[in-house]
Amino acid sequence: MALIVQKYGGTSVGSVERIKAVAARVKATVDAGHTLVVVVSAMAKETDKLVKLAHDISSNPCRREMDVLLSTGEQQTIALLSMALQALGQSAISLTGAQVGIETEPAHTRARIINIQTERLERHLKEGKVVVVAGFQGITQGLQGADLEVTTLGRGGSDTSAVALAAALKADLCEIYTDVPGVFTTDPRLVENASLLTEITCDEMLELASLGAKVLHPRAVEIARNYGVQMVVRSSWSDAPGTKVIAPGGSPRPLHNLELGRPVDGVRFDLDQAKVAMLRVADRPGIAAGLFSAMARQGVTVDLIIQSIHDGNTNDIAFTVDRPSLNQAEAVATAFSVMLHQPLKGDAAKGAAGKEDSRREGARPESARPEDTRPEDEVEVILDRDIVKVSIVGAGMIGRPGIAAQMFQVLAEAGINLQMISTSEVNVSCTIAAEHCDRALAILCKTFAVDSSPNQVSTPDPESPPVRGVALDLKQARLAILRVPDRPGMAAQIFQELAAANISVDMIIQSQRSRPIRGEMTRDIAFTVPQIDLAIAQQTLEAIAQTLDNAEVTADSDVAKVSIVGTGMLGRPGVAARLFEALAAQSINIQMIATSEIRVSCVVSKDQGADALKAAHAAFGLEDLTQRVEIPG
Ligand code: ADP
Ligand code: ASP
Ligand code: MG
């Protein structure tokens with residue numbers, strides 16, 4: 001006797017036959033003694049059709065009217081499914097988001113849920129009815145006499161409706177029914193021998209979902225994690241058990257501000273890192289592979305890696321290592337830079353480390369370097385022992401670009417310069433000069449009203465695979481602003497203005513090379529944004545560039561982002577290297593690299609995206625050669 005929320009996606013209710021099949025499954029669950037709330041999406045392709053109609057009428061349709069229009073898709077399905085249940089003799093009632101009281105903020109087309117009224121739902125459940133609720137939609141709160149407005153949660157948002165309802169009703173289980181038998185190691189439409197996972201942690205699922213695995217809406221995973229909702233992803237075509245998404249058992253949270261609660265859960269710091277930067281490394285396939293494989297062979301654990309494109313021909317690669325490994329890392333980097341001046345031969349970098357005396361004179365702290373005066377083709381290795389990594393973490397940051405910008409802003413106000421920045425949906429990390437550590441932590445704790453704690457040194461679980469899943473995102477674009485003054489406050493200004501336009505930024509990368517322009521050092525900042533936001537992001541950057549001497553904006557939407565995700569990569573050397581090697585073996589050039597604790601992402605050219613995904617999937621032995629996935633429709 002459990003209370004279950006079941007969610008059926010578009011393909012699962014894509015025809016009259018499918019709606020009847022879903023009704024039969026729902027009835028069988030009730031007959032087995034369970035109480036059911038069912039959330040449905042619009043019938044397959046219905047939402048796309050409505051979007052197209054709107055764009056046929058207007059090139060820039062009003063967001064409020066879009067919500068009124070798109071919410072009709074789900075309204076059709078709830079009525080049809082209720083009828084199908086009633087036809088089977090099962091009493092049922094359909095409710096729109098407004099009728100339930102799924103209260104959201106007034107942000108049309110991307111509203112977050114604030115609160116869910118449960119009184120009416122509970123009353124109908126007590127009457128023995130199955131309640132069929134429209135996913136993807138809500139209603140504003142109408143505070144102080146404001147008009148009530150229909151809202152939608154953003155494409156793919158029905159998953160979020162379902163998990164939010166499960167949290168509000170304290171349901172025993174939330175089942176997400178879709179057109180594949182569960183969560184796979186990668187999209188089975190793109191890689192035919194992807195393997196079905198029996199379980200995945202919320203942390204891993206959150207990264208995969210936000211990096212392009214559309215099987216779950218990332219905000220649904222966020223709610224499951226925050227409220228400890230038990231979730232399973234299954235096929236509505238079979239009785240196979242599907243994939244369990246494991247939520248940590250957290251402390252109970254209030255339901256008010258469901259999706260708007262505290263965005264940051266904690267501030268972390270890592271005092272044990274040092275930075276290595278390599279400037280003017282050739283921009284061709286195999287470079288990152290060679291460098292990080294050599295590091296891995298010497299047992300150097302690399303944490304943050306960032307690589308930015310510079311001037312078209314060469315890249316800067318910067319990374320952090322455990323401080324005790326710094327000498328080792330320096331020796332490898334130096335030997336590698338020497339090797340780069342010779343024709344590239346297979347394992348040339350092998351055995352590079354250990355030769356302490358090969359350390360170059362050019363290796364000195366960045367702060368001591370007066371100006372970039374090296375010949376253009378010479379690789380330079382720069383070390384910095386005196387850094388700390390400070391991070392803010394929390395699933396509440398998803399889709400709220402203002403939080404990272406706020407971090408940059410408060411650090412800038414304190415005169416603290418950001419050296420490396422690396423972001424994921426749930427973590428923003430920066431390296432800063434070690435002398436600023438205490439002040440930075442105090443400021444961040446005060447700003448976000450949380451405590452700070454050292455980064456936990458995690459020992460890898462030998463049982464867990466280093467990589468759980470691989471994702472491809474073809475909907476990102478790369479933007480860069482070149483020659484930005486290297487002073488506190490620049491990153492804050494840029495990302496605050498993008499946040500004000502509600503643009504989520506991923507993979508922020510600052511170049512390591514400083515170039516003097518009229519006596520002031522400058523850097524390049526590159527990042528990825530969703531393609532749909534590219535035009536606005538570009539305008540925003542152009543406006544900033546105009547206020548700066550010599551700054552320039554570049555954009556490229558022909559990019560693909562390939563990411564590997566797994567908690568098993570924590571503290572395991574060589575995982576990133578294996579990805580880079582796999583891409584190099586396919587002659588795929590890596591344009592940008594960014595890592596966070598449990599993921600590595602590479603930007604490559606769009607036409608190589610699918611091949612890069614396959615290569616990454618195979619490199620970590622994720623294939624299931626015993627069976628192939630049949631996808632209906
Ligand atoms: P629904 O309409 O049921 O919400 P979606 O189309 O939104 O379904 O999500 C299901 C699709 O997600 C699958 O058909 C599959 O192509 C895609 N997908 C992407 N990555 C993964 C993954 N790692 N595991 C399973 N499916 C994935
Ligand atoms: N129907 C909406 C969409 O297509 C919501 C969903 O299916 O989750 O985006
Ligand atoms: Mg979906």
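Data block above holds the structure.
A. How the structure looks around the pairing of strand β20 (residues 427-433). In terms of burial, β20 is largely enclosed, as 7 of its 7 residues are buried. Across 5 bridges, the pairing between strand β19 (residues 420-424) and β20 is antiparallel. For Ser 422, the partnering residue across the bridge sits in β20 and is Ser 429. Taken together, β19 and the strand that follows it, β20, pair antiparallel across an intervening segment of 2 residues.

B. Structural detail: the site of ligand 1. What surrounds ligand 1 is a group of 17 residues, the closest being Thr 178, Asp 179, Phe 184, Asp 187 and Arg 189. The side chain of Thr 178 places a nitrogen or oxygen atom 2.7 Å from an oxygen atom of ligand 1. For ligand 1, an oxygen atom lies 2.8 Å from a polar atom in the side chain of Arg 189. Bound to the protein, ligand 1 loses 90% of the 570 Å² it would expose on its own.

C. Just the sheet that holds β19, in detail. Within the open sheet, the 5 strands sit side by side as β19-β20-β18-β13-β21. Their pairing is mixed. Each edge of the open sheet is held by one strand with a lone partner, namely β19 and β21 (452-454). Put simply, the sheet's adjacent strands are angled 20° from each other on average, direction ignored. Summarising the sheet, strand β18 (residues 387-393) and β20 pair through 7 bridges and their orientation is antiparallel. The residue bridging Val 393 from the neighbouring strand is Asn 427, located in β20.

Reading the values: rules and limits
Once a new chain begins, its residue numbering starts again from 1 and follows that chain's sequence as written. The naming scheme follows written order: chains are lettered A onward, ligands numbered 1 onward. Local features are withheld for residues below a pLDDT of 70 in this predicted model, meaning they are given only at 70 or higher, and side-chain atom pairs are given and counted only at 80 or more; totals for whole chains, interfaces and linings count all residues. Only heavy atoms go into the side-chain values, all of them from the structure, while hydrogens and water stay out. Partly exposed residues are those whose accessible area sits between 20% and 50% of the maximum for their type, while under 20% is buried and over 50% is exposed, using a 1.4 Å probe and protein chains only. Only DSSP runs of H or I with at least four residues qualify as helices, and only runs of E with at least two residues qualify as strands; both kinds are numbered from the N terminus onward. Strands pair, by our definition, only if DSSP identifies at least two bridges between them. For this description, a residue counts as near a given molecule or strand if any of its non-hydrogen atoms is within 4 Å of it. Under the rule applied, a polar contact is a pair of N or O atoms within 3.5 Å (in protein, one hydrogen donor and one hydrogen acceptor; residues adjacent in sequence only if both atoms are side-chain atoms). A 1.4 Å probe and the Shrake-Rupley method give the accessible areas. Residues count as covered only by the protein chains that appear here. The axes used here are C-alpha line fits, helices contributing only the stretch in contact, and every angle between their N-to-C directions lies in the interval 0 to 180 degrees.

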